[in-house]
Amino acid sequence: MARNKVILARISNDSKRKSTLKKRRESLFKKIEELSTLCEVEPAVVVYARGEEEEELGVWPSKEVTEERFRRYEFIPDVEKTLKMTTQETYLQERVAKETDKIVREEKKNDENEISLIMNQLADGMKLTMLDTRQLNAMYAFAEESLKKLKERGKKLEDDV
């Protein structure tokens, strides 16, 4: 059975909002505990809600342990803190670089397929005069690359003999 889509807006009913906070906080703490176990990390979580009393403040695993972990984190040198830190900007830059590489690979693959198609058409009798400048340049680059690979292969065969 599919769940209803949750509308992310402030819950106006106070009792419903508090019960939702309590349920979500428990769920969050459960996930953090799983993360701690599975990945052998020492997380500390504080859930602060305005107007709540200190006893209702959500802290995981306990207030003392959380304070100790935050104190330890404060004493880590800034250089060490930022080594593994990822900002949204660096994350997006990495994604753009990956996607750019992917596009370049796909373009190269498309060019190779187009050249292969053109070579088949030429073998079937198509005239070179029907090709445009871009296609001729692509054919030339392909021929140079193929010749280079053949020479490397021939040299390797000679070295093996």
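Preceding this paragraph is the structure being described.
Novice: I tried to follow the pattern of salt bridges on my own but got confused; where do I start?
Specialist: Under the definition given, this model contains 6 salt bridges. Notably, a salt bridge pairs Lys31 with Glu34, separated by 3.9 Å at the nearest N-O pair. Of this pair, Lys31 and Glu34 are both found in helix H1 (residues 14-39), 3 residues apart, which corresponds to roughly one turn of the helix. Overall, the relative accessible area of 51% leaves Lys31 in the exposed class. Between Arg72 and Glu42 there is a salt bridge, with the nearest N and O atoms lying 2.3 Å from each other. Of this pair, Arg72 sits in helix H2 (residues 63-74) while Glu42 sits in the loop between H1 and strand S1 (45-47), and the two are 30 residues apart along the sequence. One continuous salt-bridge network, built from bridges that share partners, spans Glu42, Glu68 and Arg72.

Novice: Looking at this structure, how should I read the layout of surface pockets?
Specialist: Take a probe with the size of a water molecule and roll it over the atoms, and the empty space left behind shows itself. There is about 300 Å³ of room inside the second largest pocket. Lining the second largest pocket are Lys108, Asp111, Glu112, Ile115, Arg134, Ala138, Ala141, Phe142, Glu145, Ser146 and Lys149. Mapped onto the lining of the second largest pocket, the elements with two or more residues apiece are helix H4 (88-123) and helix H5 (133-160). Residue contributions to the lining of the second largest pocket peak at 7 residues, all from H5. Residues of the lining of the second largest pocket, tallied by class, amount to 4 nonpolar, 1 polar and 6 charged.

What counts, and at which threshold
- Residues numbered from 1 in each chain as written.
- Predicted model: local features only at pLDDT ≥ 70, side-chain atom pairs only at ≥ 80, totals over all residues.
- Heavy atoms only, no water.
- Salt bridge = Lys/Arg side-chain N within 4 Å of Asp/Glu carboxyl O.
- Helix = DSSP H or I, 4+ residues; strand = E, 2+ residues; numbered from the N terminus.
- Buried < 20%, exposed > 50% of the residue type's maximum accessible area, 1.4 Å probe, protein only.
- 1 Å grid on protein atoms, 1.4 Å probe; cavity = no way out; pocket = protein on both sides within 12 Å on 5 of 7 lines; lining within 4 Å.
- Points joined across faces, edges and corners; volume = space filled by probe spheres on them.
- Nonpolar A, V, L, I, M, F, W, Y, C, P; charged D, E, K, R; others polar.

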